[in-house]
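# Observations on the model geometry
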Amino acid sequence: MSNTNFSQTAAFIWAVADLLRGDFKQSQYGRVILPFTLLRRLECVLADTKDAVVAKAEELKNSSYSEEAKEKFLLRASGLTFFNASAMDLGKMGQNDIKANLESYVQSFSKDAREIFEHFKFSEFVGLLEDANLLYKVVRKFATTDLSPEAISNHDMGLVFEELIRRFAESSNETAGEHFTPRDIVRLTTSLVFMEDDDALTKDGIIRTIYDPTAGTGGFLSSGMEYVHELNPKAVMRAFGQELNPESYAICKADMLIKGQDVSRIKLGNTLSNDQLPQDQFDYMLSNPPFGVDWKKIEGEINDEHSQKGFNGRFGPGLPRVSDGSLLFLMHLISKMRDSHNVDGSVNSGGRIGIILNGSPLFTGGAGSGESEIRRYILEADLLEGIVALPTDMFYNTGIATYIWILSNKKAPARKGKVQLIDGTNLCGKMRKSLGSKRNLMGEDDIKLITQTFGDFEVVDATSLEELGLEKAAEQKSNRGRQSASAKTEAPKTFASKIFNSTDFGYRRLTVERPLRLSAQVTDEAIATLRFAPKPFNAPMERLYDEFAAQWQEDTYGDFYELEAEARAIIKAEFAELKEKLIKDLLDSKLWLAQRELMMKAQQIQTALGVQAGGRTLMSNDFNQFQLILKGAIKTAGVKLDAKENKQLIDAITTKNPDAEPVVKKVLKEAAQPLYGAFEYKGKVVEFEQDGELRDNENVPLNPVVSTSDLIENYFKAEVLPHVNDAWINADKRDAKDGEVGIVGYEIPFNRHFYVYQPPRPLEEIDADLDAVSAEIMKLLQEVHS
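Residues numbered from 1 in each chain as written. Predicted model: local features only at pLDDT ≥ 70, side-chain atom pairs only at ≥ 80, totals over all residues. Heavy atoms only, no water.

Ranked by internal contacts, the top residues of the largest apolar core, which has 100 residues, are Phe36, Leu39, Leu102 and Phe194. With 10 residues, helix α3 (residues 29-46) is the largest single contributor of residues to this core. Residues contacting phenylalanine 36, with those up to four places away along its chain left out, are Leu102, Phe122, Leu129, Leu135, Val138, Val139 and Phe142. Leu277, Phe282, Ile298 and Ile748 belong to the second largest nonpolar core, which has 44 residues in total. (Core = buried A, V, L, I, M, F, W, Y, C linked by side-chain atoms within 4.5 Å. Buried < 20%, exposed > 50% of the residue type's maximum accessible area, 1.4 Å probe, protein only. Helix = DSSP H or I, 4+ residues; strand = E, 2+ residues; numbered from the N terminus. Contact = heavy atoms within 4.5 Å.)

This brings us to the packing of aromatic side chains. The description of an aromatic ring pair uses the distance of the two centres, along with the angle that the planes make with each other. In the structure shown here, the tally under the stated rule is 26 aromatic pairs. Aromatic side chains phenylalanine 36 and phenylalanine 142 sit 5.4 Å apart centroid to centroid with 20 degrees between the ring planes, which places their arrangement in the stacked category. Of this pair, phenylalanine 36 sits in helix α3 while phenylalanine 142 sits in helix α9 (residues 135-143), and the two are 106 residues apart along the sequence. Each member of the pair, phenylalanine 36 together with phenylalanine 142, is buried. Ring centres of phenylalanine 240 and phenylalanine 282 lie 5.1 Å apart, and the angle between their planes is 55 degrees; this geometry places the pair in the tilted category. Of this pair, phenylalanine 240 sits in strand β2 (residues 236-243) while phenylalanine 282 is found in the loop between β3 (266-268) and β4 (284-287), placing the two residues 42 residues apart along the sequence. (Phe/Tyr/Trp six-rings, centres within 6.5 Å; stacked < 30°, edge-to-face > 60°.)

The sheet built from 10 strands is open, its strands ordered β3-β2-β1-β4-β5-β7-β6-β8-β12-β11 with mixed pairing. Strands at the two margins of the open sheet, each flanked by one partner only, are β3 and β11 (460-464). Pairwise comparison of adjacent strand axes, ignoring direction, gives a mean angle of 15 degrees for this sheet. (Pairing = 2+ DSSP bridges. Axes fitted to C-alpha atoms, helices over the stretch in contact; angles between N-to-C directions.)

Turning to the pairing of strand β9 (residues 429-435), a few remarks are in order. Relative to strand β10 (residues 438-441), β9 runs antiparallel, the two being bridged by three bridges. Bridge assignment links leucine 435 to a residue of β10, and that residue is lysine 438. The antiparallel pairing of β9 with β10 creates a hairpin that spans two residues between the two strands, and glycine 436 there sits at a positive phi of about 65 degrees.

The next thing to look at is the layout of surface pockets. In this structure, the largest pocket occupies an estimated 900 Å³ of space. Contributing to the lining of the largest pocket are 40 residues, with Leu244, Pro289, Pro290, Val293 and Phe329 lying nearest its centre. In terms of residues, the lining of the largest pocket owes the most to one element, helix α11 (residues 176-179), which gives three residues. When its residues are assigned to classes, the lining of the largest pocket shows 16 nonpolar, 18 polar and six charged. (1 Å grid on protein atoms, 1.4 Å probe; cavity = no way out; pocket = protein on both sides within 12 Å on 5 of 7 lines; lining within 4 Å. Points joined across faces, edges and corners; volume = space filled by probe spheres on them. Nonpolar A, V, L, I, M, F, W, Y, C, P; charged D, E, K, R; others polar.)

Before going further, it helps to examine the side chain of glutamine 648. Relative to the helices and strands, glutamine 648 is located in helix α27 (residues 643-653). A distance of 3.3 Å separates the side chain of glutamine 648 from the backbone oxygen of phenylalanine 532, its partner in a polar contact. Aside from chain neighbours lying at most four places away, what touches glutamine 648 is Leu530, Phe532, Ala533, Pro534, Gln595 and Leu598. (Polar contact = N/O pair within 3.5 Å; in protein donor to acceptor, adjacent residues only side chain to side chain.)

Written out as structure tokens, the structure reads:
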């Protein structure tokens, strides 16, 4: 059947919409047309064995067999994977009691087929058709439509049903993307996944499996089977899938039933939390999972599988953030790749994956994060063959940038350790009419260029589409408002392909430390701040002190017993961020008394310091020396400070000063290693206190031919020390996997690799525009004045 023929057949069936118009919304047409098309096709397929099945059903009616056993007998009589035990059919239904007869007829199908109609909510729409006085007309329309296998083969009927699904998806723009991937993207993804196996797929006796964990209405499964059918009509393709949305599941299952597939392999439910094909592995996998959908509802199940099963489960490498589950679907698919080698060591077909993802999985998450560890696993296991960047505005429910990832566990020798990136962001044309957010369409030539470039595994420098014979019409600009005197030069539309080593996307994140440098001075102002506790209490305590200090006596200091209502009003108005627990602590006199006592201790220490400093206010840029003096003063004053009080005192009397001496943390016994924080200082080898505010990270590109120590030390000497000569590498920050200094991370900065510099417009052009605008303004002003 040619494209024209199956489109005409689909259009003929879709003409039922003319009957529905006015009584049903446009987005509801498919909910009537699809189940009735399925019903008529099943009826036509069963026609040859109908009498035998009806007779067998009559024979079994009063038998003691279980329902399951009866179904097996009827399936055997049918000779197919489904049956209908009713003597009724659409052509025999009269106007009287048509609703009851139709529902009884549908209930006489075998379990799998019957379930499809239940998920279509067929009974509900039959009721609506009856209420609108349209049920008999719709039944008669389908009863006279020949959908027999003699008129339309399984393969061609699949194409017809797909066309009906497409029309349904496009008629419900607002939800199309939830269950339908545009055909141009399906064709491209399918070609990229299957093309490496074209030779194998043309051999006799080929049996292959295809799987989609987010099956939707079955577009990817149908496309995969269609691709193989074109290469080898005798090849056997077995389709497997799982879908969360009941309506999409029903459509997918109906499509597979029409194509002669065993529909028990199509499952309903959440793939991530309830994998219903847990032991299966597949040859080909295609998926368009939802973009940026969180997995908070199933967080417990996912975390349990990750922690309890590790790499024996699906999520061993790591878990992405809860706000985006895209990478969970990718790991799920990887876990289901058919092994590339059998247990006996013989070569197997392996598995290939094509998955559509947004930009987030390419780079979200720094070194050590779940996302980075997942990318690390994929790249270090050499599973990623390539990524294709698609144009924007390609999907029904989003216009964001999207990418096709192609993975395989049986790479060709030339692809070993390599990843191909293809920039296809300009390969599209504008649609005459937008469908939801889909405004762009990839043509056959666009798809051919990408697949050919991927198949050739070659580098293509940025080449204009005009040179490639794919010149696209310039985007129409609005002619409203004033136009620029010199039109802005548009960036040329190009196509490019680059090939990288897998390690090119990896880096080792070093934590770079710098010493804490403090100046110390004990002043009345610094000591006064100790009356108030550190954040988050300091600001509200100071405010309440200003308000209520005059009302407190020596023995009632910090007492809010009679002042609580007023104090709470101030807190609510000015410090709304404070939670109730903190408010209770703030209004507890113990906190106020403890802080006053600390302030009084500091005053005693200040007095002792003043004696030691010869009566002057002590100022020091060497905190190491100052600490010795401070310890002596504390001893002289006869006060005791616990660790918390001591820290608060130090924080109050010190300030950071880049010109001060570094603060020594401890003296070391080993030899100096300044690159790793062991410095020679005043005749000793010491470790300095780290200044958290100056801490920084450096990403050192991986280089597998150089040892880790040489890699990071050479980088550090060349890129860090010339700018901050007191810095060192924090050797405690090590990678959990290889134990080396620095945490390994992976990201794929796609846009950076394909960035083309666009020079700014010449100043002369900008001046000309400004002059034109100024002249126009002056002219308008003259008109106003005149």
